[in-house]
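Residues per chain are reported as follows:
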Amino acid sequence: MASKAVELVPVPGPEGTREVRLTSPDKVIFPALGITKREVMEYYVAVSGPMIAVLRDRPTNLKRYPDGVEGEPFFAKRLPKGAPEWVRTARVTFPSGRTADTFAPSEPAAIAWAANMGTLDFHPWPVRAPDTDHPDELRIDLDPQPGTSFADAVAVAAVVREVLAEAGLTGWPKTSGGRGIHVAAPIRPEWDFIQVRRAVISIARRVADRIPDKATVAWWKEERGERVFLDFNQAARDRTIASAWSVRGLPGATVSMPLAWESLPDVAPEDFTLRTVPGLLAEHGDPHADMHREQGGCEQALEWYEQDGLGEMPYPPEYPKMPDEPMRVQPSRARRTEA
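Let me begin by describing the structure that accompanies this report. (Residues numbered from 1 in each chain as written. Predicted model: local features only at pLDDT ≥ 70, side-chain atom pairs only at ≥ 80, totals over all residues. Heavy atoms only, no water.)

**What to know about helix α2 (residues 48–55)**
Of the positions making up α2, those classed as buried are Ser48, Pro50, Met51, Ile52 and Leu55. If you follow the buried residues of α2, they end up packed against α1 (37–46), β5 (60–64), α3 (108–116), β9 (119–124) and α6 (277–284). Of the residues trailing α2, Asp57 is marked for its positive phi of about 65°. (Buried < 20%, exposed > 50% of the residue type's maximum accessible area, 1.4 Å probe, protein only. Helix = DSSP H or I, 4+ residues; strand = E, 2+ residues; numbered from the N terminus. Contact = heavy atoms within 4.5 Å.)

Listed below in structure tokens is the structure:
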């Protein structure tokens, strides 16, 4: 018999209903709003249908908040110990060459189990098991820099959509849960991480060339200015973004919300929270339900990459030296060295 500190939450799924443990249900996770762990679990059960379509068989890093959003979070890149036998994994290889068996949910109950482990943000890789070396999504992260806003990201996203279409790809937008926007384009899993990242670089460069006053691909912050940064390194191996339907670990409990393009100019990130999104889903359905029915290719974007002749861009500092990568030297520091 479950005690008051432990409840059993029924979660329907393809193998029948699972009874998922909910421990410390009254623990406050979002103090500013009084949102408890029970409410977090109830949210993830409510959105588990479309969310499992996003996460199914994807290796997924879990951003866990054991002490709520005012505590220190951490990323779990390996499946935590004590997981039920029905919580599946996928093996991934990190840039260092090390491997790990990572959470890769196959049913809604696995999402609920992760929520009970203190997970708010689910960060899936753009691959699916069993082939975890070839992405099936090309992702572009629009990151507004200081002095810019969500509205600026919306304007840049419209140009991203145009360039993706010219590359033969269909983009699907969502809010990041903060001030940014994520755009994903389904692709056939025929290209490795380096190739997909280069495709993203070429698409991002074309966007920045069209609206240089609004968008930039400058990796170094000192060169970005008050523009929206097209973060091509989110396409690198082991770099992930929060999934659609993820609750973000922010005071307002905002959600990374999938949207139709026509809705994007009329919304604000704070419209989508743990408490509003279940009702919106029930009323309007999943705007990304058809996302993976068609997959495009990277051929055109990679052809642009070769034609541009601009070559590689720097990788994040924790990565080993990558093929054809330029020096990872901050421009102002390089100028001082040359002088």
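Resuming the write-up.
**Considering the pairing of strand β1 (residues 6–11)**
Every other side chain in a regular strand lies on the same face of the sheet, so the side chains alternate between the two faces. Pairing geometry for β1 and strand β2 (residues 18–23), over six bridges, is antiparallel. Bridging from a neighbouring strand, Val6 pairs with Thr23 of β2. The antiparallel hairpin formed by β1 and β2 contains six residues in its connecting segment, where Gly16 sits at a positive phi of about 100°. (Pairing = 2+ DSSP bridges.)

**A word on the packing of aromatic side chains**
Tallied over the entire structure, the rule returns 10 aromatic pairs. An angle of 45° between the planes, with centres 6.4 Å apart, marks the rings of Phe103 and Phe122 as tilted. Residue Phe103 is located in strand β8 (residues 99–103), and its partner Phe122 is located in strand β9; the two are separated by 19 residues in the primary sequence. Residue Phe103 shares its accessibility class with Phe122, and that shared class is buried. Ring geometry for Trp125 versus Phe193: centroids 5.9 Å apart, planes at 85°, classification edge-to-face. Placement of the pair is Trp125 in the loop between β9 and β10 (137–144) and Phe193 in helix α5 (residues 193–210), with a sequence separation of 68 residues. For Trp125, a relative accessible area of 0% gives the class buried. Here the basic side chain of Arg197 rests over the ring of Tyr315, its NZ or CZ set 3.6 Å away from the ring centre. Sitting over the face of the ring of Phe229, Arg224 holds its NZ or CZ atom 3.7 Å from the ring centroid. (Phe/Tyr/Trp six-rings, centres within 6.5 Å; stacked < 30°, edge-to-face > 60°. Lys NZ or Arg CZ within 6 Å of the ring centre and 35° of its normal.)

**Quick word on the environment of Arg58**
Assignment of secondary structure puts Arg58 in the loop between α2 and β5. A relative accessible area of 1% places Arg58 in the buried class. It is 30 Å that separates the C-alpha atoms of Arg58 and Gln145, two residues lying 87 residues apart in sequence. Sequence-distant contacts of Arg58, that is, excluding residues within four places in its chain, are made with Phe103, Ala104, Pro105, Pro124, Trp125, Pro126, Val127, Arg128, Asp136, Glu137, Arg139 and His292.

**Quick notes on the sheet that holds strand β11 (residues 172–175)**
With mixed pairing, five strands are arranged side by side in an open sheet as β11-β12-β10-β14-β13. A strand with exactly one partner marks an edge of an open sheet, and here the two such strands are β11 and β13 (215–216). In the sheet, β13 pairs with strand β14 (residues 228–231) via two bridges, with the strands oriented parallel. What sits directly across from Ala215, in β14, is Val228. This element, α5, spans β10, β13 and β14 of the sheet and lies at about 45° to β10. (Axes fitted to C-alpha atoms, helices over the stretch in contact; angles between N-to-C directions.)

**A closer look at the pairing of β5**
Within β5, five of the five residues are buried, leaving the element largely enclosed by the surrounding structure. Every second residue of β5 is oriented toward a common face, with Thr60, Leu62 and Arg64 on one face and Asn61 and Lys63 on the other, all of them buried. Pairing between β5 and β9: five bridges, direction antiparallel. In the strand pairing of β9, Thr60 is matched with Pro124. Pairing of β5 with strand β6 (residues 74–76) involves three bridges; the strand directions are antiparallel. Paired with Lys63 across the strands is Phe75, a residue of β6.

These figures come from the coordinates and say nothing about function on their own.
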